[in-house]
Amino acid sequence: HPFIPLTQLNWTASKTDMTELAYALKSSRAVNDGKVSIREIIKTLEQAFRFKSGDPYRNYGEIRIRKKSRTKFLDDLTTSLLFDLEKGDE
């Protein structure tokens, strides 16, 4: 029987952010030991978060040409988590 989500989750970050996350999941082999296509990961994320991210290969091109940080979204995730962890230590 199909999986039915208990809550509605909506992606509120950018299309490029979703693509960055998908490529990170593939590169880290966190999904199917890395034996999965980017399109499959993107499709699953889009379904889970009710969001259309567009062409992952075009978005990846935008990530590759970034000047400041190629992993901006992942950096922001790390910063946010560390901040929350430190708040919990107080």
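Here is a short report on the structure shown in this document. All of these numbers come straight from a predicted model, not from anything done at the bench.

**A closer look at the layout of surface pockets**
Estimates place the volume of the largest pocket at around 160 Å³. Taken together, E20, Y23, A24, S27, Y60, I63, R64, R70, T71 and L74 make up the lining of the largest pocket. Counting residues per element, the ones that place at least two in the lining of the largest pocket are α1 (15-27) and α3 (56-64). With four residues, α1 is the single largest residue contributor to the lining of the largest pocket.

**Observations regarding the pattern of salt bridges**
Under the definition given, this model contains five salt bridges. Close ionic contact of R58 with E62 constitutes a salt bridge, the shortest N to O distance being 3.7 Å. Of this pair, R58 and E62 both sit in helix α3, four residues apart, which is roughly one turn of the helix. Judged by its relative accessible area of 33%, E62 falls in the partly exposed class. The closest approach of N and O atoms between D76 and K72, which form a salt bridge, is 2.9 Å. Of this pair, D76 and K72 are both found in helix α4 (residues 72-89), four residues apart, which corresponds to roughly one turn of the helix.

**A look at the nonpolar core**
Counting residues in hydrophobic clusters, the biggest one holds 12 residues: W11, M18, L21, A22, Y23, V36, I38, I41, I42, L45, F51 and F73. When residues of this core are traced back to their parent elements, those giving at least two are α1 and α2 (38-49). Discounting chain neighbours no more than four positions away, the residues touching L21 are W11, L45, F73 and L74.

**Quick look at the packing of α1 against α4**
As a packed pair, α1 and α4 sit with axes 8 Å apart at the nearest point and diverge in direction by 85°. One finds that α1 runs roughly perpendicular with respect to α4. Contacts from D17, E20, L21 and A24 in α1 reach K72, F73 and L74 in α4. The class makeup of the residues in the contact of α1 with α4 is four nonpolar, no polar and three charged.

Analysis parameters
- Residues numbered from 1 in each chain as written.
- Predicted model: local features only at pLDDT ≥ 70, side-chain atom pairs only at ≥ 80, totals over all residues.
- Heavy atoms only, no water.
- 1 Å grid on protein atoms, 1.4 Å probe; cavity = no way out; pocket = protein on both sides within 12 Å on 5 of 7 lines; lining within 4 Å.
- Points joined across faces, edges and corners; volume = space filled by probe spheres on them.
- Helix = DSSP H or I, 4+ residues; strand = E, 2+ residues; numbered from the N terminus.
- Salt bridge = Lys/Arg side-chain N within 4 Å of Asp/Glu carboxyl O.
- Buried < 20%, exposed > 50% of the residue type's maximum accessible area, 1.4 Å probe, protein only.
- Core = buried A, V, L, I, M, F, W, Y, C linked by side-chain atoms within 4.5 Å.
- Contact = heavy atoms within 4.5 Å.
- Axes fitted to C-alpha atoms, helices over the stretch in contact; angles between N-to-C directions.
- Parallel < 35°, antiparallel > 145°, perpendicular 65-115°, else oblique.
- Nonpolar A, V, L, I, M, F, W, Y, C, P; charged D, E, K, R; others polar.

The analysis is restricted to geometry; functional conclusions fall outside its scope.
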